[in-house]
Amino acid sequence: MADIHDQFDTILILDFGSQYSHLITRRCRELNVYAELMPCTQTIKDLNFKPKGIILSGSPYSVYDADAPHVDPEVFSLGVPILGICYGLQEMAWNMKGKVSKCDHREYGFAQLQVSKSGSGSVDALFEGLGDEMQVWMSHGDQLSEMPPEFHIIGRTQTAPYAAIAHDSKPFYGIQFHPEVTHSPLGKQVIGRFVLNICGCAAHWTMEEFIGKEIARIRQVCGPKGRVIGAVSGGVDSTVAAKLMHEAIGDRFHAIMVDNGVLRLNEAKQVHEMLNKDLGVNLTVVDASDLFLSRLEGVEDPERKRKIIGNTFINIFEAEAAKLEEQAEREEASGASSKGKIEWLLQGTLYPDVIESISFKGPSATIKTHHNVGGLLKDMRLKLIEPLRELFKDEVRALGRLLSIPEHLVQRHPFPGPGLAIRILGPVTRDQVKILQLADNIYIEEIRKAGLYNQISQAFAVLLPVKAVGVMGDKRTYEQVIALRAVQSEDFMTADWFFFPADVLRRISSRITNEVEGINRVTYDISSKPPATVEWL
Ligand SMILES: Nc1ncnc2c1ncn2[C@@H]1O[C@H](COP(=O)(O)OP(=O)(O)OP(=O)(O)O)[C@@H](O)[C@H]1O
Ligand SMILES: O=c1[nH]c(=O)c2[nH+]cn([C@@H]3O[C@H](COP(=O)(O)O)[C@@H](O)[C@H]3O)c2[nH]1
Ligand SMILES: NC(=O)CC[C@H](N)C(=O)O
Ligand SMILES: [Mg+2]
């Protein structure tokens, strides 16, 4: 079966747990080269494709630590170019009998890299055409103190004599700085020199290319008769996935939206209209709010909420698939032509969901279980089809535009599948859901009115399980608190809180306390990710 690696040259990024690993992947893709992140524990014999090049990421570890993660030494025999970044450089040198030790002063910030010239005056291919000197960004406490044999220096900084090295005869490179962060202004070009010039990757990773190839792949996977049901939420990801599926297999695709009782105000109705009217996708809305809310009764633990919702979603999808099949059998019995079995469940899973679930982050790997990755049932009958599994959000939006999905849909803020259940910090009840729906609706309405919606990556209200004292109409009140969250983020792996004009916040706060019964106080969340996360649970 055609595989993405057969269709696009692939750069493999081995992740040693750096907070910037996913940025390396992004930079490659911005250069139109397909790149994939895998944990550093990936063994070469179990790799089901051959990369055109490998990048070793940074890491919070030191290579000489007893518990430090190490790469499968087979990577060095694969015969493809390798670039080590920071820890990646140290790991490569350590493997090749160089020496890594603690720096006298750990270095965190800008440095000037002097590019070294060879005897003939030429610079290394990694820095070709980028000048004699470049500003780079460093974040390390260790450095190379002795060169591995058969390597030479291609760049140095004031404190790091071996800031950039290359093998004498093989395409192996190491750099102490981080080219993937924007603080290294020429960093993307350095990555470009590696993936394009040194690895020789074809730069054809574009959404235009992806659409055609993905539609062909979906047709092949589903066969001439296979039918797919799709979990759609009205969010960007599932909408784009549904539209792509519709293009690929037409009415053999059935979209299903589940009202899980923790959607936003009037959402089921709005999404129904939007998908039917704007996209022509046939959609069934299943009201399963009683089932979800009864299973969530009394549950406070965030991970349990996520798992209950993830599992219940699958129960509903399987039941709906069974209903559709029974209907097809009845039609067939009454003489209609036969329809294929529903074998597949479409999900709008994105690459960050996958990265957060697989990446190598040391002992405390799981931060939270995204309902569509970690919350799935083990013995589910439907097979998953996830056409966006390799894409970042901005790639999905670009894909959506190419599929002529209206801009207001493409620009929608993400909304998590577990919905308001992970924004109600205590137990979830219908009353609590109602309060949060009303507050959230006012918040988003005012953001739109102020023309700020598209400047914010995601905004929502959170209902806190505490009560505070207030005064209204000269009477004492003792009611709950709403926290407002708004963030700006490139890819939701990191995020900054949004700087609201004060008058907008004032209006929001005043409307919420006036219009939402049960709330007498509103706060604004000024935490970035990290150390916080976007959602509160
Ligand atoms: N209420 C729902 N009904 C059916 N499927 C859902 C629902 N909520 C989430 N899903 C499924 O879970 C997937 C992941 O949800 P997620 O919120 O990450 O994506 P999205 O809703 O498509 O897009 P966005 O991130 O922009 O909200 C969705 O793509 C969809 O397949
Ligand atoms: O579909 C989803 N199912 C989930 O279980 C889930 N948890 C978080 N999110 C969304 O992911 C982004 C990052 O959120 P966190 O910083 O809270 O992990 C933000 O956009 C969150 O809204 C989810 N989306
Ligand atoms: N950013 C990094 O990869 C750091 C690597 C290693 N932990 C050091 O301090 O040098
Ligand atoms: Mg969503």
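Residues numbered from 1 in each chain as written. Chains lettered and ligands numbered in written order. Predicted model: local features only at pLDDT ≥ 70, side-chain atom pairs only at ≥ 80, totals over all residues. Heavy atoms only, no water.

For clarity, the threshold we go by: UniProt positions are given in the numbering used here, feature names are shortened, and annotations may be inferred rather than shown by experiment.
Looking at an unreviewed UniProt entry, the chain carries the name GMP synthase [glutamine-hydrolyzing], with the source organism given as Ceriporiopsis subvermispora. Regarding the chain, the relevant UniProt record gives this comment under Subcellular location (unreviewed entry): "Cytoplasm, Cytosol". According to its UniProt record, the chain has this under Catalytic activity (unreviewed entry): "XMP + L-glutamine + ATP + H2O = GMP + L-glutamate + AMP + diphosphate + 2 H(+)".

## Some remarks on unusual backbone geometry
Which entries qualify depends on this criterion: Helix and strand assignments follow DSSP, with helices taken as H or I runs no shorter than four residues and strands as E runs no shorter than two, numbered in order from the N terminus.
Cis geometry marks the peptide bond from Lys529 to Pro530, where omega comes out at -15°. You can see Pro530 is positioned in the segment after strand E18 (519–524). The omega angle of the peptide bond from Pro530 to Pro531 is 10°, so this bond is cis rather than trans. Following the sequence through the fold, Pro531 ends up in the segment after E18. Here Cys86, not a glycine, exhibits a phi torsion of approximately 55°, which is positive. Note on placement: Cys86 falls in the loop between strand E4 (82–85) and helix H3 (87–95). Positive phi, normally seen in glycine, also occurs at Asn266, with a value near 60°.

## Here we look at the sheet that holds strand E14 (residues 383–385)
Operational definition: Two strands pair under a simple rule: DSSP has to find at least two bridges between them. Angles shown run from 0 to 180 degrees and are taken between the N-to-C directions of axes, each axis being a line fitted to C-alpha atoms and, for helices, limited to the stretch in contact. By the convention used here, residues are in contact when the closest approach between their heavy atoms is within 4.5 Å.
Strands sit in the order E12-E11-E10-E13-E14 across an open sheet of five strands; the sheet is parallel. Of all strands in the sheet, those with a lone pairing partner are strand E12 (283–287) and E14, marking the two edges. On average, each strand axis in the sheet is inclined to that of its neighbour by 30°, with strand direction left out of account. Most of the contacts of helix H5 (residues 207–222) go to E14, to which it runs at about 165°, and overall it touches strand E10 (227–231), strand E13 (342–346) and E14.

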